[in-house]
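One letter stands for each residue in the lines below.
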Amino acid sequence: MILIFQTGDPARMEHRSTSRENKSVSLPAAPSSHSIALSQQRVFEARGLKKIYHTGELDVVALQGVNLDFHAGELVVLLGASGSGKSTLLNILGGLDVPTEGGLRYKGWDLTDGTERTLTLFRRNCVGFVFQFYNLIPSLTARENVALITEIAPDPMRPEEALDLVGLSHRLDHFPSQLSGGEQQRVAIARAIAKKPEVLLCDEPTGALDITTGITVLEAVEQINRELGTLTLIITHNAAMAEMADRVLYLKDGQIVRERTNETRLPASKLEW
Ligand SMILES: Nc1ncnc2c1ncn2[C@@H]1O[C@H](COP(=O)(O)OP(=O)(O)O)[C@@H](O)[C@H]1O
Ligand SMILES: [Mg+2]
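Residues numbered from 1 in each chain as written. Chains lettered and ligands numbered in written order. Predicted model: local features only at pLDDT ≥ 70, side-chain atom pairs only at ≥ 80, totals over all residues.

Undergrad: Describe the site of ligand 1, with residues and values.
TA: Close contacts around ligand 1 come from Tyr53, Thr55, Val60, Ala62, Gly80, Ser82, Gly83, Ser84, Gly85, Lys86, Ser87 and Thr88, and that covers them all. Elements with a contribution of two residues or more to the shell around ligand 1: strand S3 (42–55), strand S4 (58–71) and helix H1 (86–93). Within the shell around ligand 1, the residues separate by chemical class into 3 nonpolar, 8 polar and 1 charged. (Near = placed C-beta within 6 Å. Helix = DSSP H or I, 4+ residues; strand = E, 2+ residues; numbered from the N terminus. Nonpolar A, V, L, I, M, F, W, Y, C, P; charged D, E, K, R; others polar.)

Undergrad: Give a detailed account of the pairing of S4, specifying residues and quantitative values.
TA: Bridge analysis of S3 against S4 gives 11 bridges, and the strand direction is antiparallel. By the bridge assignment for S4, Leu49 is matched with Val66. Where S3 hands over to S4, the hairpin turn is made up of 2 residues, of which Gly56 adopts a positive phi near 60°. (Pairing = 2+ DSSP bridges.)

Undergrad: Outline the pairing of strand S9 (residues 199–203), listing residues and values.
TA: Two faces, one strand: in a regular strand the side chains alternate between the faces of the sheet. Counting buried positions over the 5 residues of S9 gives 5, a clear majority of the element. Sheet topology places strand S8 (residues 127–130) next to S9; 4 bridges connect them, and they run parallel. Looking across to S9, one finds that Val130 is bridged to Cys202. Pairing of S9 with strand S10 (residues 231–236), which is carried by 5 bridges, proceeds in the parallel orientation. (Buried ≥ 20, exposed ≤ 12 C-beta atoms within 10 Å, placed from the backbone.)

Undergrad: Give me helix H5 (residues 181–193): which residues, what numbers.
TA: Taking 1.5 Å per residue, 13 residues should reach 18 Å; H5 reaches 19 Å between its end C-alpha atoms and fits that length. Burial analysis of H5 places 12 of its 13 residues in the buried class, which makes it a mostly covered element. If you check which residues of H5 are buried, you get Gly182, Glu183, Gln184, Gln185, Arg186, Val187, Ala188, Ile189, Ala190, Arg191, Ala192 and Ile193. In this structure, the buried side of H5 is in contact with S8, helix H3 (142–150), helix H4 (159–165), S9 and helix H6 (211–228). (Expected span 1.5 Å × (residues − 1). Contact = placed C-beta atoms within 7 Å.)

Undergrad: Tell me about the packing of H3 against H5, and please be specific about residues and values.
TA: Where H3 contacts H5, the two axes come as close as 8 Å, and the packing angle between them is 25°. On the basis of their axis angle, the class for H3 and H5 is roughly parallel. Regarding H3 and H5, the two cross each other, and that crossing is right-handed. For the pair H3 and H5, contact is made by Ala142, Asn145, Val146 and Ile149 and by Val187, Ala190 and Arg191, respectively. In the contact of H3 with H5, the residues fall into 5 nonpolar, 1 polar and 1 charged. (Axes fitted to C-alpha atoms, helices over the stretch in contact; angles between N-to-C directions. Parallel < 35°, antiparallel > 145°, perpendicular 65-115°, else oblique. Left-handed = near helix turned anticlockwise from the far one by under 90°.)

Right under this line is the structure:
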């Protein structure tokens with residue numbers, strides 16, 4: 001069961017079962033061309049998104065009119081050089097920041113209505129974040145780090161289940177200092193998805209990792225997307241990751257300059273960079 005917000009009224013939340021609820025976490029892998037089976041349910045609708053940072057005398061235009069739609073269950077890679085506006089866009093999609101201009105709707109619900117309550121409910125119930133740095137609490141075990149979130153979420157999975165999904169059943173009682181970088185990032189992913197968010201937003205999730213470890217992290221993200229049907233956005237400057245996506249968006253100077261749909265997704269385990 002997940003939380004669904006009624007269109008136009010973020011305060012009214014309903015528990016409603018969805019098809020995702022019926023999917024067992026041990027489903028066999030979907031065919032790599034599973035994009036044909038993707039639901040076309042629109043989750044995000046962004047129109048004319050602009051973001052201008054006012055810093056002292058200078059105005060920095062980070063986004064200059066971005067139009068985007070994201071659909072349920074998609075895995076989208078957003079590629080762009082450093083400074084192209086990737087994090088700004090992801091932060092706005094995740095309700096951590098607001099655009100200077102333009103509109104953003106989540107399932108028809110207006111995220112730019114100017115109320116902090118809307119964004120708070122949205123962040124709390126609908127979005128999981130993964131950042132380059134794992135932000136785990138050093139004095140808590142893997143299980144306890146995940147439990148911090150599951151204790152406050154309305155309908156979470158158990159911490160053990162979330163850690164199992166990222167391949168860490170054998171590390172439940174390890175502290176972050178006893179885990180490798182890739183394992184720590186997988187704990188962070190388990191923490192992000194334990195509340196069963198509709199959307200998983202990853203900002204350079206492999207940025208601090210070597211290739212082999214980075215791939216294990218991407219495999220975990222891929223598995224979440226496939227088994228839970230979570231709309232997943234990965235932002236990166238690493239073009240090799242484009243192959244694992246259903247759709248690739250290219251960001252340059254705050255604008256989407258190109259879009260590509262992959263017929264088939266390359267498993268993360270086959271990526272090379
Ligand atoms: N809080 C901020 N204040 C001022 N400028 C910012 C801020 N955040 C980002 N920027 C600027 O906006 C542009 C886009 O940044 P960002 O979205 O972080 O790009 P990316 O994630 O692609 O590296 C850059 O020029 C950056 O310096
Ligand atoms: Mg960034």
